[in-house]
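Analysis of the macromolecular model
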Amino acid sequence: MGVVGERLQPTLFERSHPGRGGGKIPHPPADALARIPEAARRATPPALPELNEPEVVRHYVNLSQLNYAVDTGFYPLGSCTMKYNPKIDEWAARLPGFAGLHPMAPDAVAQGTLELLFELEAILAEISGMDAVTLQPAAGAHGELTGILMVRAYHRDRGDTERTEVLVPDSSHGTNPATATMAGFRTITIPSAADGGVDVDAFRAALGPRTAAIMITNPSTLGLFESRIGELLEATHVAGALAYMDGANLNAILGRFRPGQAGFDVMHINTHKTFSTPHGGGGPGAGPVGVRAHLVPYLPSPRVVREDDGTFRLERDGERPASIGRVRSFTGSIGVLVRAYAYLRAHGASGLAEVSDDAVLAANYLRARLRDAYRIPFDRACKHEFVASASEIRQRTGVRTLDIAKRLIDKGFHPPTIYFPLTVEEGMLIEPTETESLETLDAFADALIEIAGEAASDPAVVTSAPHEAPVRRLDEATAARQPNLRWRGMTGAQTPCPD
Ligand SMILES: *Cc1c(COP(=O)(O)O)cnc(C)c1O
């Protein structure tokens, strides 16, 4: 495997004993082989490992326990909103009527699912202050692309073809400039001001007849509410551009700030972050996009339509000619959308406002507790997350943020997001979420404070961490660029999946 550690175990191939098997499958009749046509028979048996059932079960259960998960511990990964996901949402998503519905089932037998989607659109429109919502996009980044494609269609329809630029603050998530580029725009990066907000003067200077849209994350990726948002939006509209809000941080403002009402034209929502779907490791997710009235004609098709008799159906091909078309197969990530619906219904309006209040309280509590041990670059009231920095610790002791993150693993915690946003030196983006108890927050703060102490008294213990994890430090660049995901102990025809 190339990586070894005490708690790692051999692969099933290495554990294999020829001739050993589950042994519980009834023996086939003597002529079984003869009944299979010669041409369909293997020349040699497949090179599968041979083990008995308990060995296989224990192998996989032990492997699964090497995983860190939000169901096993605190997961303060900033920007990702790794909250605990209520199990009742999982129950709802697994109801056979939703989980077993064929994606091509006729509308008449899909009424329940269509109604759920229709209602979910309405709830998300209300929360976001938008006029309509599409549930199709498969993730936040996909929602961004969908939104910006609608912006492009809007300008084109008006014959406004000179708008080729999208303004993006330097603290933005990498998906924002990537989206603008994918949609054919040039990204103009706007610097941050000293208080962490968008530099309004630089913003005004960049805005003009070539600006198609601005993309703003609010609260920002520093966890700060954009205090001059009204000015930014007004200037955008005066310049004839549209305002896109990256709504990944919606869990901080539920029931307190409605982007559509504030003047944003379009935004996406990461339902897997804000409205509970276990995520990380690549999905599935859902990135619904809300728009104001002037963008409704461009929404992806098909939308769910309610007929006068109260039944639901999907739009027919070509029914809304200005639509940007499909952005995903069928009607979206249904399981994720059912979870979001269940979460929203269970919380209700007042429960959702409480979610935000608690997320904000937890982040501010941690910020205050860490203030003496770490530098807090923007040490003012934050929303759901905040940045701490180890830049001073590094100057004094040589210990870097990466080392601190690794040492946290020894203390039983998943590290926070590190080195993001890129604008903060030795930064850690910490997002506790609303679902953690005071005891957990305190234990995490204690661990980080302890590590700051170790950095001063015994830096080697930090720089050589983790000491307790299944694997020590990986070469992260090689692991990312040349991942070695396959066991190659067998060669040639022996290998179950030859090269
Ligand atoms: C997570 C995130 C995204 C991307 O969302 P995905 O669902 O992961 O594609 C975009 N912007 C911000 C600020 C985010 O935190």
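Here the structure is a predicted model, which is why all the values come from computation and not from measurement.

Scoring rules and cut-offs
Residues numbered from 1 in each chain as written. Predicted model: local features only at pLDDT ≥ 70, side-chain atom pairs only at ≥ 80, totals over all residues. Heavy atoms only, no water. Domains from an automatic or database assignment. Contact = heavy atoms within 4.5 Å. Buried area = accessible area lost by both parts, 1.4 Å probe. Salt bridge = Lys/Arg side-chain N within 4 Å of Asp/Glu carboxyl O. Nonpolar A, V, L, I, M, F, W, Y, C, P; charged D, E, K, R; others polar. Core = buried A, V, L, I, M, F, W, Y, C linked by side-chain atoms within 4.5 Å. Buried < 20%, exposed > 50% of the residue type's maximum accessible area, 1.4 Å probe, protein only. Helix = DSSP H or I, 4+ residues; strand = E, 2+ residues; numbered from the N terminus. Near = heavy atom within 4 Å. Areas by Shrake-Rupley, 256 points an atom, 1.4 Å probe, with all protein chains shown as cover. Pairing = 2+ DSSP bridges. Axes fitted to C-alpha atoms, helices over the stretch in contact; angles between N-to-C directions. Parallel < 35°, antiparallel > 145°, perpendicular 65-115°, else oblique. Left-handed = near helix turned anticlockwise from the far one by under 90°. Polar contact = N/O pair within 3.5 Å; in protein donor to acceptor, adjacent residues only side chain to side chain. Phe/Tyr/Trp six-rings, centres within 6.5 Å; stacked < 30°, edge-to-face > 60°.

1. Description of the domain arrangement of the chain
- Taken as a whole, the chain is organised into domain 1 (12-66), domain 2 (87-345) and domain 3 (357-481).
- At the interface, 20 residues of domain 2 touch 19 residues of domain 3.
- In total, about 1,500 Å² of surface goes out of reach between domain 2 and domain 3, with carbon and sulfur atoms giving 56% of it.
- Considering only the surface of domain 2 that becomes buried against domain 3, Leu 222, Leu 224 and Asn 251 emerge as the three largest contributors, covering 34% of it.
- Taken together, the links from domain 2 to domain 3 amount to one salt bridge.
- Two residues, Asp 357 and Arg 256, come together in a salt bridge whose shortest N-O distance is 2.7 Å.
- Grouping the amino acids of the side of domain 2 that touches domain 3 by side-chain chemistry returns seven nonpolar, ten polar and three charged.

2. Let's talk about the nonpolar core
- Among the nonpolar cores identified, the biggest contains 52 residues, and Phe 203, Phe 264 and Phe 275 are the most heavily contacted of them.
- Per-element accounting of this core gives the leading share, eleven residues, to helix H13 (residues 334-370).
- By size, the runner-up hydrophobic cluster in this structure holds 27 residues, among which are Ile 376, Phe 413, Phe 444 and Val 462.

3. Some remarks on the site of the ligand
- Around the ligand, 13 residues are found, and the nearest of them are Ser 79, Gly 140, Asp 246, His 272 and Lys 273.
- Notes on the ligand: free accessible area 380 Å², of which the protein chains cover 87%.
- Listing elements by their share of the shell around the ligand, those giving two or more residues are helix H7 (140-157) and helix H12 (271-274).
- Ranked by residues supplied to the shell around the ligand, first place goes to H7 with three residues.

4. Section: the sheet that holds strand S3 (residues 186-190)
- Pairing in this open sheet of seven strands is mixed, and the strands run S1-S7-S6-S5-S4-S2-S3 from one edge to the other. The open sheet has two edge strands, strand S1 (132-134) and S3, and neither has a second partner. Across this sheet, the average inter-strand angle for adjacent strands is 20°, counted without regard to direction.
- Relative to strand S7 (residues 289-291), strand S6 (residues 266-268) runs antiparallel, the two being bridged by three bridges. What sits directly across from His 268, in S7, is Val 289.
- Contacts from helix H10 (residues 229-238) reach strand S4 (211-217) and strand S5 (242-246), with the element oriented near 140° to S5.

5. Quick word on the packing of H13 against helix H16 (residues 438-457)
- Where H13 meets H16, the axes come as close as 10 Å, and the angle between the chain directions of the two elements is 30°. Comparing the axis directions of H13 and H16 gives the class roughly parallel. Regarding H13 and H16, the two cross each other, and that crossing is right-handed. Residues Ala 362, Tyr 365, Leu 366, Arg 369 and Leu 370 of H13 form the contact with H16, whose own contacting residues are Leu 438, Leu 441, Asp 442, Phe 444, Ala 445, Asp 446, Leu 448 and Ile 449.
- Its residues assigned to classes, the contact of H13 with H16 shows ten nonpolar, no polar and three charged.

6. Considering the environment of Thr 463
- Secondary-structure assignment places Thr 463 in helix H17 (residues 459-463).
- For Thr 463, a relative accessible area of 35% translates into the label partly exposed.
- A polar atom in the side chain of Thr 463 sits 3.3 Å from the backbone oxygen of Ala 460.

7. Notes on the sheet that holds strand S11 (residues 417-418)
- The strand order S10-S12-S11 describes an open sheet built from three strands, whose pairing is antiparallel. Strand pairing shows two members of the sheet lacking a second neighbour, strand S10 (386-389) and S11, which therefore form its edges.
- Helix-sheet contacts for H13 involve S10 and strand S12 (427-430), and the interaxial angle to S10 is about 15°.

8. Structural notes on the environment of Arg 158
- Inspection of the secondary structure puts Arg 158 in the loop between H7 and strand S2 (165-169).
- For Arg 158, a relative accessible area of 55% puts it in the exposed group.
- Taking the C-alpha atoms as reference, Arg 158 lies 21 Å from Gly 290; in sequence the two are 132 residues apart.
- In this structure the side chain of Arg 158 is engaged in a polar contact, spanning 3.2 Å, whose partner is the side chain of Tyr 154.

9. Focus on the pattern of salt bridges
- All told, the structure shown has 29 salt bridges when counted by the stated rule.
- Between Glu 454 and Arg 407 there is a salt bridge; the shortest N-O distance is 2.8 Å. Note that Glu 454 is positioned in helix H16 and Arg 407 in helix H15 (residues 401-410), a separation of 47 residues in sequence.
- What makes Arg 407 buried here is its relative accessible area of 12%.
- Several salt bridges share partner residues, and in doing so they unite Arg 407, Asp 410, Lys 411, Glu 450 and Glu 454 into one network.

10. As for the packing of helix H6 (residues 111-128) against H13
- Two numbers describe how H6 lies on H13: the axes approach to 10 Å, and their chain directions differ by 45°. Taken together, the axis directions place H6 and H13 in an arrangement best described as oblique. The hand of the H6/H13 crossing is left-handed. Two secondary-structure elements touch here, H6 through Thr 113, Leu 116, Leu 117, Glu 119, Leu 120, Ile 123, Leu 124 and Ile 127 and H13 through Ile 334, Leu 337, Val 338, Ala 340, Tyr 341, Leu 344, Arg 345 and Leu 352.
- In terms of residue class, the contact of H6 with H13 is made up of 13 nonpolar, one polar and two charged.

11. Side note on the side chain of Arg 163
- On the secondary structure map, Arg 163 appears in the loop between H7 and S2.
- A distance of 3.5 Å separates a polar side-chain atom of Arg 163 from the backbone oxygen of Gly 208.
- At 2.7 Å, the side chain of Arg 163 and the backbone oxygen of Thr 211 are in polar contact.
- The contact partners of Arg 163, leaving out residues within four places of it in the chain, are His 155, Phe 185, Gly 208, Pro 209, Arg 210, Thr 211, Ala 212, Ala 239, Gly 240 and Ala 241.

12. A word on the packing of aromatic side chains
- According to the stated counting rule, one finds seven aromatic pairs in the structure shown.
- With a centroid separation of 5.0 Å and 85° between ring planes, the pair formed by Phe 74 and Phe 444 is classed as edge-to-face. Placement of Phe 74 in the loop between helix H3 (53-64) and helix H4 (87-94) and of Phe 444 in helix H16 is noted, with a sequence separation of 370 residues between them. Summarising the burial analysis for this pair, Phe 74 and Phe 444 share the class buried.
- Residues Phe 225 and Phe 257 carry aromatic rings whose centres are separated by 5.1 Å and whose planes lie at 90° to one another, so their mutual orientation is edge-to-face.

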